[in-house]
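If you want the building blocks of each chain, they are given just below.
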Amino acid sequence: MFSWGQFRRVVGTVTEVRTSVISQLQLRKIASDQLRYSSSMADKFKLPSRYGTGEKSVWVEYIQLAAEYKPAVNLGQGFPDYPPPGHVTKALAEIATGDNPLLNQYTRGFGHPRLVQNLSKVYSPLIGRELDPFNEILVTSGAYEALFSAILGHVDTGDEVIVIEPFFDCYDYMITSAGGVSKFIALKPKSNSDNMTSADWVLDEEELTSLFNEKTKMLILNTPHNPLGKVFTRAELEVIANLCKKHNVLCISDEVYEWMVYEPQKHIRIATLPGMWNRTITVGSAGKTFSVTGWKIGWAYAPANLMRNLQVVHQNCVYTCSTPIQEAVARSFEYELERYNTPECYFFSIARELMPKRDYLVKTLRENGFNPTIPEGGYFVVADWTNLADKIDLSSEPDKYKDYKFTKKFAKEAGVLTIPPTAFYSEAHKHLGENYARFCFIKKDENLQLTDKLLREWNAKK
Ligand SMILES: Cc1ncc(COP(=O)(O)O)c(C=O)c1O
């Protein structure tokens, strides 16, 4: 005879066995339903083909790399590691704690009135025409969104866009997602001397001419240039302008580094060349102008008929940008306009502050086996690392391109993070960027000095 306890245990076990058989069957069914459901979901909800395979951008990948390897210095992304001008951050603090509650609410969609008025005051004299603040200027979420609105607002299916390589990597994605086709032309070094400057990187005029045809809608220019630091000369701009006029092509001029131009170079706005105003959209950035890249306010200016197309994209995508930040940028412009003709004006002092940093980094790189191109503008140095190739074993790095392998291994070994320039080339031309690494020099002197120390230590170990 079973005792009551034994009976309960046997019944319990039988029930457990039964339930576990049932549950396994049920689980299998649920799993197969889920699999079917999720594979149909995967098909239905996959990334639209206009975004390609959706690979991580170089920025996402290298920010993760920095978090993982914690390099001693990060000369990767382009932003200062020191405070912006005091009056700029003070303006934002005053707005946030001030007594006008409306500065925390939505503002005019196409640009906060005080900001567009100040943008007009800054740019009208620079382009030699009165900019209508309300019809010829659009405030955007960083220069990034100005580029997005300009490209999406003009490029149609099958339109061709000429892109100068190396190029700020988002241009191509924006063109493709608008249904357009990028046509690439690379700036190439005239020679590979030890004393190269960014002026030695040039476009082949014949090659450029050959890219223009009846499908060409737009050309994207970036001067001062990221990553090379090239400041296009008037003669170079004239070649581009004449082709744009001859083929009735629009020019997007990305001028976010407009104030970072090193003596004796001068920044020339292509919109000011004869016949170019009507076909140029110029893009600027408060992040770069005032060293506040995290504020993400930018703008575009152009004739009203062109701006209308950008406004349509903007109003259906971002609609309006942050009010307090626009107000703070407006006040910062007012502050600088007040002292425009003095050496303290930040528009001019920033290049003076950056020049010794540039020179220091160039010297450090040279003394440690790199061959840097001296930039005439911007805040990056592109340096050829191939003289160091026999000191570094790249075989452990699985990346496809040598500059990715080099920058990753170098970050791990030397503790200095840089950016691989092939990210700025089309697939067919990536080999042109493989021998280089991009270094950012808008960094504290102590971090540039630390870079020097780390490079020397790394070299000494080899
Ligand atoms: C050439 C170029 N264009 C546009 C941008 C984007 O500027 P923002 O940060 O204002 O969106 C950058 C930022 O690094 C850049 O280098």
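This text follows the structure it describes.
Thresholds applied
Residues numbered from 1 in each chain as written. Predicted model: local features only at pLDDT ≥ 70, side-chain atom pairs only at ≥ 80, totals over all residues. Helix = DSSP H or I, 4+ residues; strand = E, 2+ residues; numbered from the N terminus. Buried ≥ 20, exposed ≤ 12 C-beta atoms within 10 Å, placed from the backbone. Pairing = 2+ DSSP bridges. Axes fitted to C-alpha atoms, helices over the stretch in contact; angles between N-to-C directions. Near = placed C-beta within 6 Å. Nonpolar A, V, L, I, M, F, W, Y, C, P; charged D, E, K, R; others polar.

J.: Explain unusual backbone geometry here, please?
T.: If a residue is not glycine, its phi is most likely negative; likewise, a peptide bond is most likely trans. Cis peptide bonds are those with omega within 30 degrees of zero, and the linkage from glutamate 165 to proline 166 qualifies with -5 degrees. Here proline 166 lies in the loop between β3 (160-165) and α6 (170-177). A cis amide bond, omega 5 degrees, links glutamate 263 with the succeeding residue proline 264. In this structure, proline 264 sits in the loop between β8 (250-254) and β9 (280-285). A positive phi is found at asparagine 248, a non-glycine position, where the angle reads about 50 degrees. In this structure, asparagine 248 sits in the loop between α8 (234-246) and β8. Of the residues examined, asparagine 248 has 11 C-beta atoms within 10 Å and is grouped as exposed. With a phi angle near 60 degrees, serine 291 is a residue other than glycine that sits in the positive phi range. By the secondary structure assignment, serine 291 is in the loop between α9 (286-289) and β10 (298-301).

J.: Please explain the sheet that holds strand β4 (residues 181-186) as it appears in this structure.
T.: Strand pairing in a sheet is mediated by backbone hydrogen bonds. Such pairs are either parallel or antiparallel. One open sheet holds the seven strands; their spatial order is β2-β10-β9-β8-β7-β3-β4, and the pairing between them is mixed. Strands with a single pairing partner mark the edges of an open sheet, and in this sheet they are β2 (137-140) and β4. Going across the sheet, the axis of each strand differs from the next one's by a mean of 20 degrees, ignoring polarity. When β9 meets β10, the two strands line up antiparallel, connected through four bridges. Bridging across to β10, serine 285 finds its partner in glycine 298.

J.: I would appreciate a short explanation of the site of the ligand in the present structure.
T.: Around the ligand, the structure places 14 residues, and the nearest of them are Gly142, Ala143, Tyr144, Phe168 and Ser285. Looking at the shell around the ligand element by element, the count peaks at three residues for helix α5 (residues 142-152). Its residues assigned to classes, the shell around the ligand comprises four nonpolar, eight polar and two charged.

J.: What exactly am I supposed to notice about the sheet that holds strand β11 (residues 371-373) here?
T.: Pairing is antiparallel in the open sheet, where three strands are placed in the order β11-β12-β14. Only two strands of the sheet have a single neighbouring strand rather than two, namely β11 and β14 (436-440). Averaged over all pairs of adjacent strands, the angle between strand axes in this sheet comes to 30 degrees, irrespective of strand direction. Alignment of β11 against strand β12 (residues 380-384), held across three bridges, turns out to be antiparallel. By the bridge assignment, asparagine 371 is partnered in β12 with aspartate 384.

That's the geometry; what it means functionally is another story.
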